[in-house]
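If you want the building blocks of each chain, they are given just below.
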Amino acid sequence: MIIHRPPFIIHHFPSLSSTNDQLKATGDAPEFTCVVADEQTAGRGRRMRTWHSSPGDGLYLSVLLLPRIDSFSKLPLTGLWAAISVAETLIERGVAGVDIKWPNDVMVNDRKISGVLAEAVSAGSEPLRIILGVGVNLNHRSFPTELSSTATSLAIETGERVPVEEFRDQLLAKIGQWYELWRRDESASIVSRWERLSSYARGQQVVVAIDNEKLVGVTEGLTETGALRLVVDKGDVRTILVGEVTRLRKSAKFSG
Ligand code: BTN
């Protein structure tokens with residue numbers, strides 16, 4: 001089924017292995033082509049993890065972006081503005097306790113509700129293709145044991161089910177707005193909005209796992225390309241490009 005939500009063209013499937021993989025395999029699709037599935041049988045997360053994608057419970061969405069960018073340095077901001085889009089959609093729907101864990105995990109009351117898998121494909125002189133994959137837990141009433149203490153859903157948080165298409169369209173509108181800002185090089189707006197939405201942005205003691213190394217420090221905002229600034233021993237500042245962040249102690253009450 002094809003649904004038009006300008007500028008987005010949504011291809012809806014009852015079941016796919018992964019919406020990112022389906023979109024990647026769709027040769028020369030136009031910009032803003034989206035793939036959505038009611039369920040994924042092999043939903044993928046970052047770091048080779050799987051994404052729990054039970055039928056009808058979540059939004060499993062991939063969007064094709066074909067930006068003409070002159071510098072690859074702004075690419076990492078994609079995940080950040082995608083997470084901002086999800087966080088703002090949740091807030092507009094009245095969800096309390098929304099937070100973003102660096103770089104792009106959307107959390108509610110310290111449990112993960114959404115993740116972003118942005119994959120860039122660049123072949124020779126062809127324009128850069130970004131496959132922006134977003135998973136949002138909407139109507140799950142429970143999760144498999146291994147996720148039960150770390151995941152949440154909109155229904156668990158609010159007690160109400162949400163039509164997946166309604167959330168999809170609201171989120172796509174946000175994605176359209178933030179993509180436009182990113183295209184116009186409004187990096188500072190993206191960084192400052194992310195910092196306002198995240199309790200991890202400043203003054204949070206964290207441990208960052210980077211391959212086999214573990215760094216402990218206190219966060220000090222983001223660089224203009226979205227890297228995390230971490231104050232470590234003796235006040236040295238490390239710039240983190242990739243890594244898994246864990247909170248070491250609760251920050252004072254976060255007001256967003
Ligand atoms: C993460 O937090 O690890 C990222 C999860 C991304 C999941 C989404 S669901 C839609 C799209 N298709 C996939 O296979 N993965 C992304």
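No experiment lies behind these values; they were computed from the predicted model shown. (Residues numbered from 1 in each chain as written. Predicted model: local features only at pLDDT ≥ 70, side-chain atom pairs only at ≥ 80, totals over all residues. Heavy atoms only, no water.)

J.: Help me out: how do you make sense of the sheet that holds strand S12 (residues 237-240) in this one?
T.: As a general point, the strands of a sheet are linked pairwise by backbone hydrogen bonds and lie either parallel or antiparallel. With antiparallel pairing, five strands are arranged side by side in an open sheet as S12-S11-S10-S9-S13. Looking at the sheet topology across the chains shown, the edges are occupied by S12 and strand S13 (244-247). Shown here is a sheet whose adjacent strand axes are inclined to one another by a mean of 45 degrees, direction ignored. Pairing analysis gives four bridges linking strand S11 (residues 228-231) to S12, with the strands arranged antiparallel. Counted as the bridge partner of Leu228 is Ile240 from S12. (Pairing = 2+ DSSP bridges. Helix = DSSP H or I, 4+ residues; strand = E, 2+ residues; numbered from the N terminus. Axes fitted to C-alpha atoms, helices over the stretch in contact; angles between N-to-C directions.)

J.: Would you mind showing me how to read the packing of aromatic side chains here?
T.: Aromatic ring pairs: the centre-centre distance and the angle between the two ring planes describe each pair. Within the structure shown, the criterion is met by five aromatic pairs. A centroid spacing of 5.4 Å and a plane angle of 80 degrees characterise the contact between Phe8 and Phe32, whose relative ring orientation is edge-to-face. With a gap of 24 residues between them, Phe8 in strand S2 (residues 8-16) and Phe32 in the loop between helix H1 (19-24) and strand S3 (33-40) connect regions that are remote in the sequence. The rings of Phe8, Phe32, Trp81, Tyr179 and Trp182 are connected pair by pair, giving a single aromatic cluster. Across from the ring centre of Trp182, 4.7 Å away, lies the NZ or CZ of Lys74, which sits over that ring. (Phe/Tyr/Trp six-rings, centres within 6.5 Å; stacked < 30°, edge-to-face > 60°. Lys NZ or Arg CZ within 6 Å of the ring centre and 35° of its normal.)

J.: When you look at helix H5 (residues 187-197) in this model, what are you seeing that I'm missing?
T.: Three or four residues apart is the spacing at which side chains of an α-helix point the same way, because the helix has 3.6 residues per turn. Looking only at H5, the buried set comprises Ser187, Ile190, Val191, Trp194, Glu195 and Leu197. One side of H5 holds all its buried residues, which, seen down the axis, span an arc of 165 degrees. Residues Ala188 and Arg196 are exposed on H5 and point more than 90 degrees away from its buried face. Of the surrounding elements, those touching the buried residues of H5 are helix H2 (77-92), strand S5 (98-101), helix H4 (164-183), strand S9 (202-210) and strand S10 (213-222). (Buried < 20%, exposed > 50% of the residue type's maximum accessible area, 1.4 Å probe, protein only. Arc of directions from axis to C-beta. Contact = heavy atoms within 4.5 Å.)

J.: Which parts of the structure should I look at to understand the site of the ligand?
T.: Around the ligand there are 20 residues in total, and Ser18, Gln40, Arg44, Arg46 and Lys112 lie nearest to it. Between the ligand and Thr19 there is a distance of 3.0 Å, counted from a nitrogen atom to a side-chain nitrogen or oxygen. Between the ligand and Lys112 there is a distance of 2.6 Å, counted from an oxygen atom to a side-chain nitrogen or oxygen. Here the ligand is seated within the largest pocket. Of all the secondary structure elements, the ones that give two or more residues to the shell around the ligand are H1, strand S4 (58-65), strand S7 (111-121) and strand S8 (129-137). Per-element tally for the shell around the ligand: the top contributor is S7, with four residues. A breakdown of the residues in the shell around the ligand according to their chemical character gives six nonpolar, ten polar and four charged. (Near = heavy atom within 4 Å. Polar contact = N/O pair within 3.5 Å; in protein donor to acceptor, adjacent residues only side chain to side chain. 1 Å grid on protein atoms, 1.4 Å probe; cavity = no way out; pocket = protein on both sides within 12 Å on 5 of 7 lines; lining within 4 Å. Sits in = over half its atoms within 2 Å of the grid points. Nonpolar A, V, L, I, M, F, W, Y, C, P; charged D, E, K, R; others polar.)

J.: Would you mind showing me how to read the pairing of strand S6 (residues 105-108) here?
T.: For a regular strand, the rule is simple: side chains alternate between the two faces of the sheet. Residue alternation in S6 divides its side chains into two sets, Asp105 and Met107 and Val106 and Val108, and both sets are buried. The sheet contact formed by S5 and S6 spans four bridges and is antiparallel. Residue pairing in the sheet places Lys101 in a bridge with Asp105 of S6. Pairing analysis gives three bridges linking S6 to S7, with the strands arranged antiparallel. Note on S7: the bridge partner recorded for Met107 is Lys112. The turn linking S6 back onto S7 is made up of two residues, and Asn109 within it adopts a positive phi angle of 50 degrees.

So yeah, pure geometry; function would need other evidence.
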